[in-house]
Amino acid sequence: MEIILQILIDGLVIGAFYSLVALGYTMVYGIIKLLNFAHGDLYMMGAFIGFTFLSIFTGDGGVNTGLLGVGIVFIGTMVIVGLIGMGVERIAYRPLLLAPRLSILITAIGVSLSLEYTSMIGWGASYKVYPIKLPNDGLQILGTQISFAQIGMILLSALLMLGLRLFIDKTIYGKAMRAIALDQSACSLMGVNVHKIIALTFFIGASLAAGAGIMSGVYYGTINFMMGFIIGLKAFTAAVLGGIGNITGAMLGGLVLGILEAFGTFYLGGSWKDVLAFGILILFLVFKPTGILGAKEMERM
Amino acid sequence: MFHLKKYSIIAIGMLLILSLFLSACSSEGSSGGKSSSDEILVGVLLPVTGNNATDGKDMLNAMKMAAEKINNNGGVLGKKLKLEVTDDACDPQTATTAANKLVSMKVTAVVGGYCSGSTLPASGVFNNANIPMIVAAANSSELPAQGYESLFLINGLVPDQAKTGADYFKDKGAKNIVIIHDNSAYAKNLADFAQKSVEENGGKVIGFEAINPEEKDFGSLMTKLKSLNPDGTYFTGYYAAGGLMLKQFKEKGVSGFFMVGDGSYSPDIIEIAGADSADGLLVTATPTANFIPGADEFVKEYKSKYNNLSPGPFSALSYNGMNLLADALKRANSTSSEDLKKALKETKGFQGIGQVIEFNDQNSLNQSNFHVMKVVNGEFTLEK
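Calculation rules
- One numbering rule holds for all chains: residues counted from 1, following each sequence as written.
- Whichever chain is written first is A, and whichever ligand is written first is 1; the rest continue in order.
- Under the rules for a predicted model, residues below a pLDDT of 70 receive no local features and side-chain atom pairs below 80 are neither given nor counted, while totals for whole chains, interfaces and linings still include all residues.
- Think of the side-chain values as coming from all heavy atoms in the structure, minus any hydrogens and water.
- Numbering of helices and strands starts at the N terminus; helices are DSSP runs of H or I of at least 4 residues and strands are runs of E of at least 2.
- When checking whether two residues touch, look at their non-hydrogen atoms; a contact exists if any pair is within 4.5 Å.
- Residue-level accessible areas treat just the shown protein chains as cover; the underlying method is Shrake-Rupley with a 1.4 Å probe.
- Every axis in this analysis is a line fitted to C-alpha atoms, fitted for helices over the stretch in contact. Angles between the N-to-C directions lie between 0 and 180 degrees.
- Should an angle lie under 35 degrees it is considered roughly parallel, over 145 roughly antiparallel, and from 65 to 115 roughly perpendicular; all remaining angles are considered oblique.
- In a left-handed crossing the near helix is turned counterclockwise from the far helix by less than a right angle, and in a right-handed crossing that turn is clockwise.
- Two strands pair if DSSP finds at least two bridges between them.
- To count as a disulfide, a pair of cysteine sulfur atoms needs to be within 2.5 Å.
- Relative accessibility thresholds used throughout: buried, under 20% of the residue-type maximum; exposed, over 50%; partly exposed, between the two (1.4 Å probe, protein chains only).
- The quantity reported as buried area is the accessible area (1.4 Å probe) lost by two parts once they are put together, taken as the sum for both.
- Throughout this description, the term salt bridge denotes a Lys or Arg side-chain nitrogen within 4 Å of a carboxyl oxygen of Asp or Glu.
- Throughout this description, a polar contact denotes any pair of N or O atoms lying within 3.5 Å of each other; where both atoms belong to protein, one of them has to be capable of donating a hydrogen while the other can accept it, and for residues adjacent in sequence the pair is counted only when both atoms sit in side chains.
- Residue classes follow a fixed rule: Ala, Val, Leu, Ile, Met, Phe, Trp, Tyr, Cys and Pro count as nonpolar, while Asp, Glu, Lys and Arg count as charged, and any other residue, Gly among them, counts as polar.
- UniProt positions are given in the numbering used here, feature names are shortened, and annotations may be inferred rather than shown by experiment.
- To estimate the expected span of a helix, subtract one from its residue number and multiply by 1.5 Å.
- What counts as a ring pair is set by centres within 6.5 Å for rings of Phe, Tyr and Trp (its six-membered ring), and what kind of pair is set by the plane angle: stacked under 30 degrees, edge-to-face over 60, tilted for all other angles.

*Asks:* Hey, could you run me through the overall build of chain B in this one?
*Replies:* If you tally the helices and strands in chain B, you get 14 helices and 14 strands. The long-range fraction of contacts in chain B, counting pairs at least 24 apart against all pairs at least 6 apart in sequence, stands at 69%. Carbon and sulfur atoms make up 53% of the accessible area of chain B, which amounts to about 16,400 Å² in all.

See below:
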């Protein structure tokens, strides 16, 4: 029993990262039907930009950075990567918005490789160690061990997801996003600035990925330029699992995937983790392509 | 058409003559180097370009240092050692070409070999040409398995490393062992041998796990380990995963020792895990000069000679290799292959830095040179 509870907690932590990254995937797909394969690399950019800021501000020692300093870096990085996401959309996707879907998909792969190798040139190919470290202490609940860092990660990602949900449901911009997802040309006829809203979607998606990137850097301690690749694929899987285009689905898909992987690692062994994740992806695509929450025709977002 | 053909025949003829002339020149040049009677030509085969160039250059520095010292002390058999350095770039094809070049230059012996993958084909070329080769770093168990009698290995092999780890566990009374590898050929090989050694020592392997090398989250794996309650855990992969695993091992509070193989033997593992988590980490590794008692002089000399650079992981071995060759040449009192091979084979108690060299039937070390290192206060120290 304790063990099952412990695995659930382990899975929840991984799942929180997957969910945050999956949100960007699902939002972009929902609004322009593009699988943005560069999304995982925005997560990587977030980790590296956060790393650079923290190194500069804390002088590599890191222990004396207050919570405020970390918070500023966190938000600053999210904004910068959000802008990078907007830039990517403006340069690589907008000119192809009316081209066949395949062209824009291939461009996304090109953007992904460009981001990866640009950061390899900029930051180097070797592993970097994050300048701040989280303390190891935590709580014992019902015989399971959960560290404050884990609680923090889960809470923070829950907070970001809640914020996004509210933004989509309650604001005028959220309304515009949902409208564009339904019918793009009708929206522009109604006077909605479609390009601006698409850019905003990229901004939000990219900054959430960046937030996950910094959190992963702080939590695990190491980053490298290829870190976005596998998590990009996992987030894509999570998005499909939950029903791609569906925000709640992405959150749910990430958590389900994380927990499944944790159980898989425990009972089958670590090398089966990816086999399990992508096996599930294939099963879902074959038997229920709309995902857990997706219905045949429904309002995306 | 006819004219064209005639001209082309003339042109080809001239090219042929020119190339003959050039090749005559070059062969004269190399035999000229060989025939000078006051030098012994020693081939050096190392990756001095490519990904492994750093280690390769460190090894070369140590070999040069050894050769210089030997020459300053009057050389061998009244002759000076002359090093002929070729680059294998850790690539099998390049290594074969480089080996053929050394054979054509008629080197007396070869010292080198960093990557097992490129040393394997090169050792075949040298064996066919009957040129003795002393391998300083490459340590795949496939090398001695070829059964070449011209090949001598002075680095411990994978089974030796596995045994060193298993013996340490046995000494400390650790019986229930978990072994984790990362599915790379090297790590899997070491993990398999480690399992064998642990079982031979009367221990029990209660978990044999594989991970992906890029993995970051070992949470559920550590939960599993914790439920197994091991006395010792041995990870045979590389430092990037090793450091993260160690950190999460400590966070989860898994019982017993945490040991890693030499793929994780890097200061980076301490940095990734954090000094607190790394405390008490065990590493099975070959001697790095910094930690070998009696190597202080070597380290000091190396640093003063090469801009205060620390000797790399295989420098001491390379230094030993060159000295062993000089010693064998003296004992053989000849530069013929047969005499030299016999002398190398008969090496008894050759005292190198951090190791005593004697060969077994397979021409690999009779007594392994693997040590167990322990991290204390964020620094590697020699444990056993």
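Resuming the write-up.
*Asks:* Looking at this structure, I do not really get the packing of helix α3 (residues 92–104) of chain B against helix α4 (residues 116–128) of chain B. What am I missing?
*Replies:* Two quantities define a packed helix pair, namely the angle between the axes and the distance from one axis to the other. All names here are of chain B. Interhelical geometry of α3 versus α4 gives an angle of 30 degrees and a closest axis separation of 8 Å. The angle between α3 and α4 places the two elements in the roughly parallel class. Every pair of crossing elements has a handedness; the one defined by α3 and α4 is right-handed. For the pair formed by α3 and α4, the contact residues are Pro92, Ala95, Thr96, Ala99, Asn100, Leu102 and Val103 on the first element and Gly117, Ser118, Pro121, Ala122, Val125 and Phe126 on the second.

*Asks:* Explain the pairing of strand β14 (residues 379–382) of chain B to me, please; I cannot follow it from the model alone.
*Replies:* Every regular strand shows the same layout, with side chains that alternate between the two sheet faces. All names here are of chain B. With four bridges connecting them, strand β13 (residues 371–376) and β14 associate as antiparallel partners. Of the residues in β14, the one forming a bridge with Val376 is Glu379. Hairpin geometry of β13 and β14 is characterised by an intervening segment of two residues between the two adjacent antiparallel strands and by a positive phi of about 50 degrees at Asn377.

*Asks:* I'm lost on the state of the cysteines in this one. Help?
*Replies:* Residues and elements named next belong to chain B. Applying the stated criterion across every chain, the model contains one disulfide over all chains. Each sulfur of the disulfide joining Cys90 and Cys115 lies 1.7 Å from the other. Looking down the S-S bond of the Cys90 and Cys115 bridge, the torsion is 70 degrees, so its handedness is right-handed. Highlighted residues: Cys90 in the loop between β2 (80–87) and α3 and Cys115 in the loop between β3 (109–112) and α4, separated in sequence by 25 residues.

*Asks:* Sorry if this is basic, but what is going on with the environment of A:Gly11 here?
*Replies:* Residue and element names in this part refer to chain A. By the secondary structure assignment, Gly11 is in helix α1 (residues 2–32). In this structure Gly11 comes out as buried when scored by relative accessible area, which is 0%. A C-alpha to C-alpha distance of 32 Å links Gly11 and Ser114, two positions 103 residues apart in sequence.

*Asks:* Which parts of the structure should I look at to understand the interface of chain A and chain B?
*Replies:* A common way to express how large an interface is: the accessible area buried when the components associate. Contact with chain A, which involves 24 residues of that partner, is made by 25 residues of chain B. For the pair chain A and chain B, the two sides together bury roughly 2,300 Å², of which 51% comes from carbon and sulfur. Per-residue buried area on chain A facing chain B is highest for A:Tyr127, A:Tyr220 and A:Phe266; these three make up 25% of the total on that side. Counting every contact that joins chain A to chain B gives two salt bridges. In this structure, B:Lys252 and A:Asp10 form a salt bridge, with 2.7 Å as the shortest nitrogen-oxygen distance. Where chain A touches chain B, the interface holds 12 residue pairs in polar contact (both at pLDDT 80 or more). Elements supplying a minimum of two residues to the side of chain A that touches chain B: α1, α8 (194–220), β4 (222–223), α10 (247–268) and α11 (273–287) of chain A. In terms of residue count, α1(A) provides more of the side of chain A that touches chain B than any other element does, five residues in total. Classifying every residue of the side of chain A that touches chain B gives 11 nonpolar, nine polar and four charged.

*Asks:* Would you explain the sheet that holds strand β6 (residues 176–181) of chain B in this entry?
*Replies:* Adjacent strands of a sheet form backbone hydrogen bonds with each other and so pair up, either parallel or antiparallel. Residues and elements named next belong to chain B. Pairing in this open sheet of seven strands is mixed, and the strands run β7-β6-β8-β9-β10-β13-β14 from one edge to the other. Here the strands that pair on one side only, and so sit at the sheet edges, are β7 (204–210) and β14. Sheet twist, expressed as the average angle between the axes of neighbouring strands with direction ignored, equals 25 degrees. Taken together, the six bridges between β6 and β7 define a ladder with parallel strand orientation.

*Asks:* Even after reading the chapter, I still don't get the UniProt feature "transmembrane region" (unreviewed entry) in chain A, so can you show me in this structure?
*Replies:* Residues and elements named next belong to chain A. Under the local residue numbering, the UniProt record ascribes the feature "transmembrane region" (unreviewed entry) to residues 12–35, 42–59, 65–84, 104–126, 146–168, 197–219 and 275–295. Helix makes up 88% of residues 12–35 and strand 0%, and the two end C-alpha atoms of the span are 25 Å apart. The span residues 146–168 is 91% helix and 9% strand, and its two end C-alpha atoms sit 32 Å from each other.

*Asks:* What is the right way to look at α10(A) in this model?
*Replies:* Side chains three or four residues apart in an α-helix point the same way, a direct result of the helix having 3.6 residues per turn. Residues and elements named next belong to chain A. Its 22 residues place the ends of α10 31 Å apart at the C-alpha level, agreeing with the 32 Å of an ideal helix rising 1.5 Å per residue. For α10, the side-chain oxygen to backbone nitrogen distance between the N-cap and Thr248 is 3.1 Å, and the N-cap itself is Asn246. Gly269 lies just past α10 and shows a positive phi near 115 degrees.

*Asks:* I would appreciate a short explanation of the side chain of A:Ser119 in the present structure.
*Replies:* Residues and elements named next belong to chain A. Locating Ser119 in the fold gives a position in helix α4 (residues 101–123). A polar contact of 2.9 Å, which involves the side chain of Ser119, links it to the backbone oxygen of Glu116. In this structure Ser119 touches Met44, Met45, Gly124 and Phe225, once residues within four positions along its chain are discounted.

*Asks:* In this structure, what is going on with the packing of aromatic side chains? I would like to understand it.
*Replies:* Taken as a whole, this structure holds 22 aromatic pairs over all chains when the rule is applied. Where A:Phe266 meets A:Tyr267, the ring centres are 4.8 Å apart and the plane angle is 70 degrees; that geometry is what we call edge-to-face. A relative accessible area of 52% places A:Tyr267 in the exposed class. Here B:Tyr302 and B:Tyr306 contribute two aromatic rings whose centre-to-centre distance is 5.0 Å and whose plane-to-plane angle is 50 degrees, an arrangement assigned as tilted. Accessibility assignment for this pair places B:Tyr302 and B:Tyr306 in one class, buried. Put simply, the rings of B:Phe298, B:Tyr302, B:Tyr306 and B:Tyr319 pair up and form one aromatic cluster.

*Asks:* Please explain the environment of B:Lys226 as it appears in this structure.
*Replies:* Note on placement: B:Lys226 falls in helix α8 (residues 219–228). On the accessibility criterion, B:Lys226 (34% relative accessible area) is partly exposed. Those residues in contact with B:Lys226 that sit more than four places away from it in its chain are A:Gln145, B:Lys252, B:Gly253 and B:Val254. A polar contact of 3.3 Å, which involves the side chain of B:Lys226, links it to the backbone oxygen of B:Lys252.

*Asks:* What should I look at first to understand the environment of B:Asn369 in this one?
*Replies:* Residue and element names in this part refer to chain B. Note on placement: Asn369 falls in the loop between β12 (355–357) and β13. In the structure, Asn369 is positioned 182 residues away from Ala187 in sequence and 19 Å away in space, judged by C-alpha atoms. A distance of 2.8 Å separates a polar atom in the side chain of Asn369 from the backbone nitrogen of Gly156.

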